[in-house]
Structures are given as structure tokens and as C-alpha cells.
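# Tertiary structure, described
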Amino acid sequence: MRDKAHHLVAPEPAGPGNRFTLAQVQAWREQGFVLIREFFTPAEVQAVRQAVKPLLPPDPEAVTDFGSMGAFEFPSGLEPLDDLTLHPDLLHAVAQLLEVEVGALRLSQSDLWAKFGRRLQQGGIRDNSDQRIHMDYPNHYLTHPPVWEAPEAVEMIVYYDHHSECGGETALVSRVGREDPAYVYPYTQMPGVGALPWTNDRESTEALLAQEHPEVARFRERLYARERYAAFEPGTVLFYRHDLWHRGTPLQPGALRLVQNLTFRKAECEWISTVQSGWAWKMYRPDLSTERLIARLTPEQRTVLGFPAPGSSYWTPQRLEAATARFGPLGFDATPYRQALSPS
């Protein structure tokens, strides 16, 4: 286990309705993250665990990279997991951080990842057990994040386990003021940016950089020296940013850690890509689980997926009739959209 002095512990949950305190908003905006304990209830956490555990890979030693290979990507068809992705408290918390309305958010990532404490590191330079330090923006942005004071998205890690039982704490490097040398814009000192090849394993990456790009390696040594570790419990959420230095650390041997990775962006920021296949693609499922999800969501939740909001210029009487014909038999309530139609 890690030295407790290097753990970052969330001292208390968010405020009523899981709204952030001003200090928590300030922490996310200035240091790059905020760790919130008890954001989700034990019942919500347990429902997700029960839904996903029977579907986990049978051979933990074979899991050397990220993601669920599509099994738990939103919409997963697993109701507790999909409900958590669009949980109203989560949506309003993200909107509070970005200072927008919920309807101005768009989901761009939701996937539950299982990480195992493996005996062998057989993924080579791309192995995810002991990650190299990095920012997440290169595989989310077509461009580059804006200057620090103008964030465009919120990333989250939802934890379903206790760090003391599994390890695998997320290592974080807080930004300390405008002059912090670790956060000089633009951000290029990582694999996968510029001409540096994409690698993931910490030991292999840093050895390669020390040999071929020693100035980058020296910069990164200072980042590792500043790491602190997120002490999580079931229901803890780490809210962070695409431009935060962080990394994943190894689990205890034989342990399992479940986390859900989510990203919401501002609707107008189309240069932030959707990480997985489009939501409508899952409507090929014969069980109609995605269609049923669309039908039962609130208008606000649907809007986060790109479904036009009540009052949108998209809606005409004919289009609303067509949408009702598609989703009405599954419980879709067209009333809010009908009431918002402009008089003809």
C-alpha cells in the first residue's frame, strides 16, 4: 500500500443534490481535479457491479490495454450502467463545472473498464498496468485544449472499489498557480504528441525518452516527483480535465478494479471527438435496449446525447409525429416537445 501521506482523500461528499461547493469548483478549475466521495449511493454502485461482473473477461492475464472492447460502452444495454451515465446529479455537476446548462452538454465517452492485478506485464510497451504520465487530450481532441482558464470538457472516473483492497490509485499532478512549470502551454511532452510515438508502459516509455529525447525525460521526472494518489471508495468520483497530468498505477496482485470513464463536452466544441461508436449504432441490437432507453429518458437527458431539445428548430409537427411513431410504442412522451412547438 502507498504511504498515506501521499494520498489525496476527499474529506466530504458534494453538497445537497451532489452540487459542488464553491471550493470544489475552484479546485477543479485551478488545480485540475476534484475528488468527491459518496457521489453515488451504495445501492447504485452495487447495481452496476452485479450487472457487469458476470460479463468480465475470463482470463485477467490477457487484459493489457484499456476499454471493454465494446461490452460496456454506452449505451451498454445494462440499465444500471446506462442510468449512471446520464444520472441527473452527474449532469448537473458537470454543468456547474463548465458554467453551462445541462442542455448545452454532449456525452462523448462512457465505458466501464476492468483492470486486473496481473502477475505478468505481457502487453509490451503498450501495457496499461503501470502507465506513463500523460494528459488525455491527444485521443479526445482533433486540435489541442484551449488555455487553462477556458475549459471545454469534464472527464470523470467513477470508482466501484476501495483503494485499500485493490490498489491502482490514480496518480495526479496538481497545477499550482499560473506560473507552474508543469503546465506551460502548449502541452507536448508526452508520447503520442508531435513526433513522439504512442507508448503506454512507464518503464519502457521513460527509458526510450531518456535515450532519444533527454530534455523531455527530465521534464517528466519532475512530474513523477510531484505525484499524489487518489484514495477512492465505492461511489467516489474523480472529476478532472483533459489537460491534467495523471496516470494509472498497478493493482495489487490478483485484485480487480472496476471504473467507469466518462467525458462530457460543451455542445459547440465539435473538435472534441466522441471516443466510441455513435449511440444510434447500438440500435442494431435485437433487444431494442437503446430504443427503450431513448424512450424513457427525460428531455434533458436525451439532449445530452444530441436528441433535439423541446423548442429546437428541428421540430415540426411532421417530425414530431415521426419520432413518436418510432419511440411511442416504447413509452416516449412527446408532450414536452409538442408544447414547445412554434405556432404555425
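Everything below is about the structure printed above this text.
Presented here is a report on the structure given in the accompanying data block. Since we're looking at a predicted model, the values are computed, not measured.

### Quick notes on the overall build of the protein
- On a plain count of helices and strands, the protein comes out with 11 helices and 9 strands.
- Scaling as 2.2 N^0.38, a compact globule of 344 residues should have a C-alpha radius of gyration of about 20 Å, and the protein matches this with 21 Å.
- Once the C-alpha set of the protein is aligned to its principal axes, its extents read approximately 70 × 45 × 40 Å.
- Long-range pairs, those at least 24 residues apart, make up 83% of the contacts in the protein with a sequence separation of at least 6.
- Carbon and sulfur atoms make up 54% of the accessible area of the protein, which totals about 15900 Å².
- Where the 34 positive side-chain charges of the protein centre and where its 43 negative ones centre are 1 Å apart.

### Considerations on the packing of helix α6 (residues 202-212) against helix α7 (residues 214-225)
- Between α6 and α7, the shortest axis-to-axis distance is 6 Å and the interhelical angle comes to 140°. Here α6 is positioned oblique relative to α7, judged by the angle of their axes. Residues Arg 202, Thr 205, Glu 206, Leu 209, Ala 210, Gln 211 and Glu 212 of α6 form the contact with α7, whose own contacting residues are Pro 214, Val 216, Ala 217, Arg 220 and Tyr 224.
- Residue classes in the contact of α6 with α7 are distributed as 6 nonpolar, 2 polar and 4 charged.

### Here we look at the sheet that holds strand β7 (residues 237-240)
- Taken together, 5 strands build an open sheet; the order of strands is β2-β7-β4-β9-β3 and the sheet is antiparallel. What marks the edges here is a single partner per strand, and that holds for β2 (33-36) and β3 (105-116). Neighbour-to-neighbour, the strand axes of the sheet open up by a mean angle of 15°, direction not taken into account.
- Pairing geometry for β3 and strand β9 (residues 256-266), over 11 bridges, is antiparallel. The partner of Asp 111 across the bridge, within β9, is Asn 261.

### Notes on the pattern of salt bridges
- This structure, assessed with the given rule, holds 11 salt bridges.
- Salt-bridge contacts for Arg 296 lead to Asp 83; the nearest nitrogen and oxygen are separated by 2.8 Å. Placement of the pair is Arg 296 in helix α8 (residues 289-296) and Asp 83 in helix α3 (residues 79-85), with a sequence separation of 213 residues.
- Classification of Arg 296 as partly exposed rests on a relative accessible area of 40%.

### Some thoughts on empty space enclosed by the protein
- Applying the stated criterion across every chain yields a total of 2 cavities of 30 Å³ or more.
- Considering only enclosed or pocket space, the largest cavity measures out at about 80 Å³ in volume.
- Lining the largest cavity, in full, are Tyr 141, Pro 145, Pro 146, Val 147, Ala 150, Pro 151, Glu 152, Ala 153, Arg 241, His 242 and Asp 243.
- Along the lines of polarity and charge, the residues of the lining of the largest cavity split into 7 nonpolar, 1 polar and 3 charged.
- Its volume calculated, the second largest cavity comes out at about 50 Å³.
- Lining the second largest cavity we find Pro 191, Leu 196, Pro 197, Thr 199, Thr 205, Leu 208, Leu 209, Glu 212 and His 213.
- Partitioned by chemical class, the residues of the lining of the second largest cavity number 5 nonpolar, 3 polar and 1 charged.

### Remarks on the side chain of His 163
- You can see His 163 is positioned in helix α5 (residues 163-166).
- Looking at His 163, the relative accessible area reads 10%, which means it is buried.

Definitions and limits used
Residues numbered from 1 in each chain as written. Predicted model: local features only at pLDDT ≥ 70, side-chain atom pairs only at ≥ 80, totals over all residues. Heavy atoms only, no water. Helix = DSSP H or I, 4+ residues; strand = E, 2+ residues; numbered from the N terminus. Rg over C-alpha atoms; globule rule 2.2 N^0.38 Å. Contact = heavy atoms within 4.5 Å. Areas by Shrake-Rupley, 256 points an atom, 1.4 Å probe, with all protein chains shown as cover. Lys, Arg positive; Asp, Glu negative; His and termini not counted. Charge placed at Lys NZ, Arg CZ, Asp CG, Glu CD. Axes fitted to C-alpha atoms, helices over the stretch in contact; angles between N-to-C directions. Parallel < 35°, antiparallel > 145°, perpendicular 65-115°, else oblique. Nonpolar A, V, L, I, M, F, W, Y, C, P; charged D, E, K, R; others polar. Pairing = 2+ DSSP bridges. Salt bridge = Lys/Arg side-chain N within 4 Å of Asp/Glu carboxyl O. Buried < 20%, exposed > 50% of the residue type's maximum accessible area, 1.4 Å probe, protein only. 1 Å grid on protein atoms, 1.4 Å probe; cavity = no way out; pocket = protein on both sides within 12 Å on 5 of 7 lines; lining within 4 Å. Points joined across faces, edges and corners; volume = space filled by probe spheres on them.

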